[in-house]
Amino acid sequence: FGVRYDVYAAWVGDGLEREGLGQKHVEVALAELRCGRRARDVLKRLSKENAKHTGRQLAKVAHANPHVLFNAVLSQIQSYDNLIQPIVDSLRFMTPLALDVLSFSLVAHLNSGRDKMQDDGLFVSQWLAYLSQFVGVLYRKYPSTELHGLLVFLVNRLRSGHSLDLVVLKELLVRVGGVEMPGTELSEKQLHGMAGGEALRAETVAFGVKERAARRAQAALRGALFASGAALPLLLLIAQQRSHILYETATQHLKLMGWLFDTCE
């Protein structure tokens, strides 16, 4: 994936649409502007009822310039979480190249440098939460989409001590892996179960396994974890994050620290 991502980065250049004016050939910049305007016009009409029809229109836009389309798509998702499912449903007509570009765009947006905590420092930023949900839903429905790049990105982020990116990994494990992590939304019976012995705790955790797990998505996630060599580093880094969260996290809010600490379990 590294060579392909380098090609995509060169394709984007110094920016898309208006950001590319003065940096790219004028005809290329104008074509990106027209493509972006068309993409936003189509997205305005997107709903759960017309996802199939709109998906065909989005596929035509993606055929011309997938980077511009997915930049607009991901920008919309970061503001409106109700668009996540319709957009994922509309991607059924995308070519493998378009979905591969989407995987690159996801990593680029996650690495955009935006603040991943809200201004009050109590919660994860809305854009990161929505984008993480989209990642989980996307890879559950389209398991053949490139995943190695995202896993390597998460390994590098956790290695650098950025614990907030655990929310992306959690969505992958919950939605794609099919396992609901205990610790945040436990019933009273589960709380009692977690206070028991080792066997009882194991059975309590098993209650979180979803009944209709996507087997193809699970197999794809498992294969990507081992093929990319990210499985063992992720396990070690998650274990290290617990001490990092307690002693090195910038925030002083106990609620956020507690949530991050529980996510590592």
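Going by an unreviewed UniProt entry, the chain carries the name THO complex subunitTHOC2 N-terminal domain-containing protein and comes from Heterosigma akashiwo.

1. Points about the overall build of the chain
Assigned secondary structure in the chain consists of 14 helices and zero strands. Starting at the N terminus and ending at the C terminus, the chain contains elements arranged as α-α-α-α-α-α-α-α-α-α-α-α-α-α. For the chain, buried positions account for 47% of its 265 residues. Counted over contacts in the chain with a minimum sequence separation of 6, partners at least 24 positions apart contribute 70%. Of the roughly 14200 Å² that the chain leaves accessible, carbon and sulfur atoms contribute 54%.

2. Focus: the packing of aromatic side chains
Evaluated as defined, the whole model comprises four aromatic pairs. Both rings, one in Tyr5 and one in Phe104, keep their centres 5.4 Å apart while their planes meet at 75°; by these two values the pair is edge-to-face. Placement of the pair is Tyr5 in helix H1 (residues 2–12) and Phe104 in helix H6 (residues 96–110), with a sequence separation of 99 residues. With respect to class, Tyr5 is no different from Phe104; both count as buried. By the ring-pair criterion, three or more aromatic residues cluster together here, those being Tyr5, Tyr8, Trp11 and Phe104.

3. Considerations on a nonpolar patch on the surface
Together, Leu232, Leu235 and Leu236 give the surface a local cluster of nonpolar side chains, amounting to about 330 Å² of exposed area. Examined against the element boundaries, Leu232 turns out to sit in helix H13 (residues 231–248).

4. Thoughts on the side chain of Asp100
Residue position: Asp100 is located in helix H6. Asp100 sits in the buried class, given a relative accessible area of 9%. With residues near it in sequence (within four places) discarded, Asp100 still touches Arg4, Tyr5, Tyr8 and Glu146.

5. With respect to the nonpolar core
Ranked by size, the top nonpolar core spans 68 residues in total, and within it Met94, Phe134 and Leu150 carry the most contacts. Residues in contact with Leu150, not counting those within four places in the same chain, are Val107, Leu110, Val135, Tyr139, Val168 and Leu172.

Calculation criteria
Residues numbered from 1 in each chain as written. Predicted model: local features only at pLDDT ≥ 70, side-chain atom pairs only at ≥ 80, totals over all residues. Heavy atoms only, no water. Helix = DSSP H or I, 4+ residues; strand = E, 2+ residues; numbered from the N terminus. Buried < 20%, exposed > 50% of the residue type's maximum accessible area, 1.4 Å probe, protein only. Contact = heavy atoms within 4.5 Å. Areas by Shrake-Rupley, 256 points an atom, 1.4 Å probe, with all protein chains shown as cover. Phe/Tyr/Trp six-rings, centres within 6.5 Å; stacked < 30°, edge-to-face > 60°. Patch = residues over 30% accessible without salt bridge, like charges linked within 9 Å, V, L, I, M, F, W, Y side chains within 5 Å. Salt bridge = Lys/Arg side-chain N within 4 Å of Asp/Glu carboxyl O. Core = buried A, V, L, I, M, F, W, Y, C linked by side-chain atoms within 4.5 Å.

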